[in-house]
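# Reading the structure
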Amino acid sequence: MKKILVTGGAGYIGSHTCIELLASGYEVVIVDDFTNSVAEPLQRLQKLAGKSVSFHEVNLLDEAALDAVFVKEGQIDAVIHFAALKAVGESVEKPLMYYKNNISGSLTLFDVMQKHGVKNLVFSSSATVYGDPEETPIKEDAAVHATNPYGHTKAMMEQILMDTSHAFDWGVVLLRYFNPVGAHESGEIGEDPEYPNNLLPFVSQVAAGIREHVTIFGDDYDTVDGTGVRDYIHVVDLARAHVKSIEKLAKHDKGTLIYNIGTGTGYSVQQMVETFRQVSGKEIKTVVGPRRPGDIAECTADATLANNELGWSASYGLQEMIESAWKWQSQNPNGYRDAK
């Protein structure tokens, strides 16, 4: 495989993955409409990689525009599909928006892929498809029962892709991410939400003095300290899992493969905040609030299958995750909005 189309390539995980793809010798075509991103990472990732990408500003709901991308680019060997709305809380409040964007946009993409004979796909799924797991660490054969609309969209897309791969002989890899954190070692690209929906960027912004405090949503869970426990994974490790998946598809071009992408180790909200205090040297105020709808007590991965079949495993520990996040925040106090 040579040319990879990446939807949502200007986003947090997408931009890191594009760097790893370029470093591995692939040609990269990015499609993004900047719903959840800005243009600046495109310049930065190309500078870091020392290579250029082809970019198209297209919304996946616009089938004609997407079709034109495939026509212009010629032979595309595989697609990595990141583009989606991704906030659990927002999905509970605005389910129709999530179903329309995440499912309808994906279906348009798959139709265009089928039309142009592109049959290899890596899909950005999520551990939210497991819902409230019966046991942790979670294995890939655990029951799928999402507890919020965002998770439902991921579970639905997984089923659609399993049916599609069976009907049309597609090769599909479903990567169920746990909790991506951190930033590129350069500090040049990282997570840049205008208003954070995830823990670590919120903690970063409090440490930087942008926000007053971190709200801990529930301290009465049955966990080590009452706060929610999650499996946090460095975004660069996650990006490399996508490259490994593309390599896998080159050898296994039919059917659906499912892999958990996590470290297998869980950390509580309190533990994350405390480690960030130590790394940053900043006092980080916390306030306890009520549980959020759709949240669960604990979620960690059994990533043995990815290790055995993809040859992938996480390289970075918690300290490195938080150090890289703080480096990104320190170098870019207002995120990409400081870019000239």
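Everything discussed here concerns the structure shown above.
A brief report on the enclosed structure follows. (Residues numbered from 1 in each chain as written. Predicted model: local features only at pLDDT ≥ 70, side-chain atom pairs only at ≥ 80, totals over all residues. Heavy atoms only, no water.)

This paragraph deals with the sheet that holds strand β14 (residues 298-299). Spatial ordering of the open sheet is given by β12-β9-β14, a layout of three strands whose pairing is mixed. The open sheet has two free edges, formed respectively by β12 (267-268) and β14, since each of these has just one partner strand. For strand β9 (residues 229-230) and β12, the ladder comprises two bridges, and the chain directions are antiparallel. Of the residues in β12, the one forming a bridge with R230 is Y267. (Pairing = 2+ DSSP bridges. Helix = DSSP H or I, 4+ residues; strand = E, 2+ residues; numbered from the N terminus.)

A few words on the side chain of E73. One can find E73 in helix α3 (residues 63-73). If we skip the residues at most four places from it in the chain, E73 touches K3, V29, S54 and H56. (Contact = heavy atoms within 4.5 Å.)

Before going further, it helps to examine the nonpolar core. L175 and I261 are the most contacted members of the largest nonpolar core, which has 41 residues in total. Here this core gets seven residues from one element, more than from any other, and that element is helix α8 (residues 235-251). The residues contacting I261, other than those within four sequence positions of it, are L175, R176, Y177, F178, I233, L238, A241, A306 and W312. V69, F70, W170 and I258 belong to the second largest nonpolar core, which has 24 residues in total. (Core = buried A, V, L, I, M, F, W, Y, C linked by side-chain atoms within 4.5 Å. Buried < 20%, exposed > 50% of the residue type's maximum accessible area, 1.4 Å probe, protein only.)

So, about the pattern of salt bridges. If the charged atoms of two oppositely charged side chains come close together, the side chains can form a pair. Scanning the model with the defined rule gives eleven salt bridges in all. Between E40 and R44 there is a salt bridge; the shortest N-O distance is 2.9 Å. Taken together, the positions of E40 and R44, both in helix α2 (residues 40-49) and four residues apart, correspond to about one turn of that helix. Residue class for E40 comes out partly exposed when judged on its relative accessible area of 21%. Judged by its relative accessible area of 11%, R44 falls in the buried class. Note that E274 and R277 form a salt bridge whose closest N and O atoms lie 3.1 Å from each other. Residue E274 and its partner R277 are both found in helix α9 (residues 269-280); the two are separated by three residues, about one turn of the helix. Judged by its relative accessible area of 35%, E274 is partly exposed. Judged by its relative accessible area of 19%, R277 is buried. (Salt bridge = Lys/Arg side-chain N within 4 Å of Asp/Glu carboxyl O.)

The next thing to look at is the packing of aromatic side chains. Taken as a whole and judged by the stated rule, the model has five aromatic pairs. Where F276 meets W326, the ring centres are 5.7 Å apart and the plane angle is 80 degrees; that geometry is what we call edge-to-face. Of the two residues, F276 is situated in helix α9 and W326 in helix α11 (residues 318-331); the sequence distance between them amounts to 50 residues. Relative accessible area serves as the criterion here: at 0%, F276 is assigned to the buried category. (Phe/Tyr/Trp six-rings, centres within 6.5 Å; stacked < 30°, edge-to-face > 60°.)

Here we come to the pairing of strand β8 (residues 214-217). Alternating residues of β8 divide into V214 and I216, all buried, and T215 and F217, none buried. Across four bridges, β8 lies against strand β13 (residues 286-289) in parallel orientation. Along β13, the bridge assignment pairs F217 with G289.

Another aspect to go through is α8. Given a rise of 1.5 Å per residue, 17 residues ought to cover 24 Å, and the 25 Å separating the end C-alpha atoms of α8 matches this to within 8%. Taken residue by residue, α8 has V235, V236, D237, L238, A239, A241, H242, V243, S245, I246 and L249 as its buried positions. (Expected span 1.5 Å × (residues − 1).)

The subject of this paragraph is the packing of helix α5 (residues 95-115) against helix α6 (residues 149-168). Between α5 and α6, whose axes approach to 9 Å, the crossing angle comes to 20 degrees. With respect to each other, α5 and α6 are oriented roughly parallel. Two packed elements cross with a definite hand, and for α5 against α6 that hand is right-handed. Contacts from P95, Y98, Y99, N102, I103, S106, L107, F110 and Q114 in α5 reach P149, Y150, H152, T153, M156, M157, I160, L161 and F168 in α6. By residue class, the composition of the contact of α5 with α6 is 13 nonpolar, five polar and no charged. (Axes fitted to C-alpha atoms, helices over the stretch in contact; angles between N-to-C directions. Parallel < 35°, antiparallel > 145°, perpendicular 65-115°, else oblique. Left-handed = near helix turned anticlockwise from the far one by under 90°. Nonpolar A, V, L, I, M, F, W, Y, C, P; charged D, E, K, R; others polar.)

Function-wise, these values are silent; they only describe arrangement.
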